[in-house]
Amino acid sequence: WWIGTNDATNTLATSSDGKLWYPQGKTVFSLKCNSIVFNGYDIAVAVGADIGPVGAMGVMGKNDSFFVKQTNALTYAINQDIKSITYGPDRFFAVGQSTIYNGAYSFDGLNWNGNPISITPGKYPTAIAYRGNNSYLLGTDDDEKGHTIYYSNNLGASFTAATVSPFTKQTNFI
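Residues numbered from 1 in each chain as written. Predicted model: local features only at pLDDT ≥ 70, side-chain atom pairs only at ≥ 80, totals over all residues. Heavy atoms only, no water.

## Regarding the overall build of the chain
- Looking only at helices and strands, one finds one helix and 15 strands in the chain.
- By the compact-globule yardstick of 16 Å for 174 residues, the chain fits well, its C-alpha radius of gyration being 16 Å.
- By principal-axis analysis of the C-alpha atoms, the chain measures approximately 45 × 30 × 30 Å.
- For the chain, with 174 residues in total, the buried portion stands at 47%.
- For the chain, contacts bridging at least 24 residues in sequence account for 35% of all contacts bridging at least 6.
- Summed over all atoms, the accessible surface of the chain reaches about 8700 Å², with 53% contributed by carbon and sulfur.
- Averaging the locations of the 11 positively and 12 negatively charged side chains of the chain gives two centres separated by 4 Å. (Helix = DSSP H or I, 4+ residues; strand = E, 2+ residues; numbered from the N terminus. Rg over C-alpha atoms; globule rule 2.2 N^0.38 Å. Buried < 20%, exposed > 50% of the residue type's maximum accessible area, 1.4 Å probe, protein only. Contact = heavy atoms within 4.5 Å. Areas by Shrake-Rupley, 256 points an atom, 1.4 Å probe, with all protein chains shown as cover. Lys, Arg positive; Asp, Glu negative; His and termini not counted. Charge placed at Lys NZ, Arg CZ, Asp CG, Glu CD.)

Have a look at this one:
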């Protein structure tokens, strides 16, 4: 089990049973942990931000008891605040606020490729979820044009605004 927060003392904690928790302090995220995903096999990846804000991430293998801070291509691709991460069908996919790429994907959780996502200029992705059949749902802060939900049917190569979005404000999670 893993929990991520923006707590002043601990931004990550782990537990093997959900009852007894082991805090990790701020060794991985000095500001906040936004999202954690497990690939179902052997790797968990946590994403968030350091003070700045600067994108930050941690990786934990199945035999590890804590996340290890990573400075790699993901933190350079999404360089401000990594908002959300998902896994499927064979890759991790992260999104966030950045001046470089607002999306990135990885097959192993360590080596990342920038993936620009076309939405309204000045807006950014806030949430992502894999929905099967090589498709993703994407939430954004694009409340000015009413396009807070986007979808992709080609593994995130491109995203299209939903015809009708029931929301007028930022999508926080999917």
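## What to know about the pairing of strand β9 (residues 92-97)
- Among the six residues that make up β9, five are buried, leaving the element largely enclosed by the rest of the structure.
- When strand β8 (residues 81-87) meets β9, the two strands line up antiparallel, connected through six bridges. Counted as the bridge partner of D81 is Q97 from β9.
- Between the antiparallel neighbours β8 and β9 lie four residues, among them G88 with a positive phi of about 150°.
- Of the pairings in the sheet, the one linking β9 to strand β10 (residues 103-106) comprises four bridges and is antiparallel in character. (Pairing = 2+ DSSP bridges.)

## Focus: the layout of surface pockets
- Approximately 180 Å³ is the volume found for the largest pocket.
- Lining the largest pocket are K32, N34, S35, K83, S84, T126, A127, I128, Q170, N172, F173 and I174.
- Counting only elements with at least two residues in the lining of the largest pocket, the list comes to β4 (32-38), β8 and β12 (125-132).
- Split by residue class, the lining of the largest pocket holds four nonpolar, six polar and two charged. (1 Å grid on protein atoms, 1.4 Å probe; cavity = no way out; pocket = protein on both sides within 12 Å on 5 of 7 lines; lining within 4 Å. Points joined across faces, edges and corners; volume = space filled by probe spheres on them. Nonpolar A, V, L, I, M, F, W, Y, C, P; charged D, E, K, R; others polar.)

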